Amino acid sequence: MNQLIVCGKKYLDTIMIVKAVTNGETNRCTNVIKKNGGLYNFFEIQYKNWNVNPLPCGKKEAFIVSDKSSSTRTSFVNDIELAILDEKQIEVIKANCDWLHVCYIDDFEGSPQIANIDIDYSLDFCTTKPREPYMNVLKKAKIVFDSRERKHLYDNITIDVPIIFHDEHGFEIVVGDQTIHSEANIPLKGLNVNGAGDIFAALFIENYRDMGLIQSSINAMSKTTKILKNRK
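The numbers attached to residues start from 1 for each chain and follow its sequence in the written order. Side-chain atom pairs in this predicted model are given and counted only at pLDDT of 80 or more, local residue features only at pLDDT of at least 70, and totals for whole chains, interfaces and linings cover all residues. Hydrogen atoms and water are omitted, and side-chain values are computed over all heavy atoms in the structure.

Draft legend 1. Region of the structure containing the overall build of the protein. If you tally the helices and strands in the protein, you get four helices and ten strands. Each helix corresponds to a stretch of at least 4 residues labelled H or I by DSSP, and each strand to a stretch of at least 2 residues labelled E; elements are numbered beginning at the N terminus. Element order for the protein, N to C, with α for helix and β for strand: β-β-β-β-α-β-β-α-β-β-β-β-α-α. When the backbone C-alpha atoms are referred to their principal axes, the protein occupies close to 50 × 40 × 40 Å. In the protein, buried positions account for 48% of the 232 residues. The cut-offs for exposure are 20% and 50% of the maximum accessible area for each residue type, with area from a 1.4 Å probe on protein chains only; residues under the lower value are buried, those over the upper are exposed, and the others partly exposed.

Draft legend 2. Structural detail: helix α3 (residues 196–211). Multiplying 1.5 Å by the residue count of a helix minus one yields the expected span of that helix. With 16 residues, α3 should cover 22 Å at 1.5 Å per step; its first-to-last C-alpha distance of 21 Å lies within 8% of that length. At Ile205, α3 shows its largest kink, close to 30°. Among the 16 residues in α3, twelve count as buried, and that is most of the element. Count one or two residues on from α3 and you reach Gly212, which has phi positive near 85°. Throughout, bend refers to the angle between the axes fitted to the seven residues that end at a position and the seven residues that start at it.

Draft legend 3. Up close: the environment of Ile33. Inspection of the secondary structure puts Ile33 in strand β2 (residues 29–38). Residue Ile33 is classed as partly exposed on the basis of its relative accessible area, which comes to 23%. Separated by 91 residues in sequence, Ile33 and Asp124 have C-alpha atoms that sit 24 Å apart. Working rule for contacts: check all heavy atoms of both residues, and any pair within 4.5 Å makes them a contact. Contacts of Ile33, omitting those with residues within four sequence positions, involve Asp13, Thr14, Ile15 and Ile17.

Draft legend 4. Seen up close, the side chain of Gln89. Here Gln89 lies in helix α1 (residues 87–96). With relative accessibility at 16%, the residue Gln89 sits in the buried group. Not counting chain neighbours up to four residues away, the residues in contact with Gln89 comprise Leu55, Pro56, Cys57 and Ile84.

What follows is the structure, given as structure tokens:
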């Protein structure tokens, strides 16, 4: 079976589920969930095509308010251990990996030295840091994932690697300076959407080699919605 390694900080999530957030007032939680997040969101789906292994680098606390009235989330984070991909971990990746997903490359304290690793890899981002410093790894990636609200960070970046911008309204795929495909999604309220981007990426990678770029994106969009709807 193909080997997928998911690399990133280990998030210690405290998720506060709220029916609706009223700023400046006392808000009551309907539930509080404590779980491993970040790269561990990849384990919320079932895999048929990959054996998936986590490779945690560094550690972070995340306090997340999940507003179900608008199906949005707001996070507050605190670094506990720095994320640095060392030579030993690079060797583990080289020896045991058919695909590497870095979740999230802008979360590392130094850009991971993955551009010269002779395997397929994908990248995801989680902040509004400029993307230009990551050009070396962006150009050699197979797929780049990012939130559509951060699309403006790529205004001065033109690469031949597909960039999939996604949000609750759907996704668009940009290659070079052209949008080669877009798909609409009807947003649903009442959802806990924490980790939705990671689930989208996981579902995409699961089917990419069989379905290809566009169909695996469509499949990831619809199945991500189903997973979020089934959350308690």
